[in-house]
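One-letter residues, chain by chain:
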Amino acid sequence: ANSCPTILSKSQWGGRAPTCRTAMATPVTYVIIHHTAGASCTTQSTCITQVKNVQNYHMNSNGWCDIGYSFLVGEDGNVYEGRGWTSVGAHAPNYNSNSIGINVIGTFTSRNPNTAAQNAVKALISCGVSRGYIKSTYILKGHRNVTATECPGNTFYNT
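Each chain carries its own residue numbering, running from 1 in the written order of its sequence. Given that this is a predicted model, residues contribute local features only at a pLDDT of at least 70 and side-chain atom pairs are listed and counted only at 80 or more, while totals for whole chains, interfaces and linings are drawn from all residues. Excluded from the side-chain calculation are hydrogens and water; included are all heavy atoms of the structure.

## Details of the packing of aromatic side chains
Here is the rule: rings of Phe, Tyr and Trp (six-membered ring for Trp) pair when centre to centre is within 6.5 Å. Planes less than 30 degrees apart are stacked, more than 60 are edge-to-face, and the remainder are tilted. Inspection of every chain in the model, using the stated rule, returns 4 aromatic pairs. Aromatic side chains Y30 and Y95 sit 5.0 Å apart centroid to centroid with 85° between the ring planes, which places their arrangement in the edge-to-face category. With Y30 in strand β2 (residues 28-35) and Y95 in the loop between β4 (79-81) and β5 (99-104), the pair connects residues that are 65 residues apart, well separated along the chain. Judged by centre distance (5.1 Å) and plane angle (5°), the ring pair of W85 and Y133 falls under stacked. Remark: Y133 occurs in the loop between α3 (115-130) and β6 (134-142) and W85 occurs in the loop between β4 and β5; sequence separation between them is 48 residues. If you follow R144 out to its NZ or CZ, it ends over the ring of Y157, 4.5 Å from the centre. By definition, any uninterrupted DSSP run of H or I lasting at least four residues is a helix, any uninterrupted run of E lasting at least two residues is a strand, and each is numbered from the N terminus. The criterion is that NZ of a Lys, or CZ of an Arg, lies within 6 Å of the ring centre and within 35 degrees of the ring normal, and then a charge sits over that ring.

## A few points about the state of the cysteines
Any covalent bond linking the sulfur atoms of two cysteines counts as a disulfide. Only a pair of cysteine sulfur atoms within 2.5 Å counts as a disulfide in this structure description. Within this structure, the stated rule accounts for 3 disulfides. One disulfide bridge connects C4 with C127, the sulfur atoms lying 2.1 Å from each other. Disulfide C4 to C127: torsion about the S-S bond roughly 85°, handedness right-handed. Here the residue C4 occupies a position in the segment before β1 (7-8), and C127 occupies one in helix α3, the gap between them amounting to 123 residues.

## Observations concerning the sheet that holds β4
Spatial ordering of the open sheet is given by β1-β4-β3-β5-β2-β6, a layout of 6 strands whose pairing is mixed. Strand pairing shows two members of the sheet lacking a second neighbour, β1 and β6, which therefore form its edges. When DSSP finds two or more bridges between a pair of strands, those strands are recorded as paired. Summarising the sheet, strand β3 (residues 71-73) and β4 pair through 3 bridges and their orientation is antiparallel. Within the sheet, the bridge partner assigned to L72 lies in β4 and is Y80. It only takes one pair of heavy atoms within 4.5 Å for two residues to be counted as in contact. Every axis in this analysis is a line fitted to C-alpha atoms, fitted for helices over the stretch in contact. Angles between the N-to-C directions lie between 0 and 180 degrees. Contacts between helix α2 (residues 44-61) and the sheet are confined to β1, β3 and β4, with β4 contributing the most and set at about 35° to the helix. Running over the sheet, α3 touches β1, β2, β3, β4, β5 and β6 and is turned about 145° from β6.

## Some remarks on the pairing of β5
When you tally the buried positions in β5, you get 6 out of 6 residues, the bulk of the element. Only protein chains enter the accessibility calculation, which uses a 1.4 Å probe. A residue is then buried if its area is under 20% of the maximum for its type, exposed if over 50%, and partly exposed in between. Of the two faces of β5, the one carrying S99, G101 and N103 and the one carrying I100, I102 and V104 are both buried. Across 6 bridges, the pairing between β2 and β5 is parallel. Paired with I33 across the bridge in β5 is I102. Bridging between β3 and β5 involves 3 bridges; their strand directions are parallel. Residue pairing in the sheet places L72 in a bridge with N103 of β5.

Remember, this is a structural readout, not a statement about activity or role.
In structure tokens form, the structure reads like this:
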């Protein structure tokens, strides 16, 4: 679909294979927005490093079978595949089986993600709707709407 942004597959960014997978029924009702609350990235190489760091943290420290998010978005304007469109994520308890979790790499408590990242998020959601993975009547939520957390940061949440 022409509304789809560049999505680097897990193999393109050098991600580890999941150790388990649960299929997710689509289209989903919710899109949940997150931030990593860590360093930002504006180049593909630094974003790949950040995505690998997140996956390692989720798998090695949290003991999860894969990175928790469906997708991650860098301020390089690229989308990085996490669990993708059709696997249940580990990003928002009680919503994982009926949502796409999109994480924007960086900390957005006092600033917004740049235009490239915001446009990539919008294009990714449009892509999901056009491909039938997300309901056209989807409900957009910040992580803080479903879990006690600051995520996705005050400034970004207000946007």
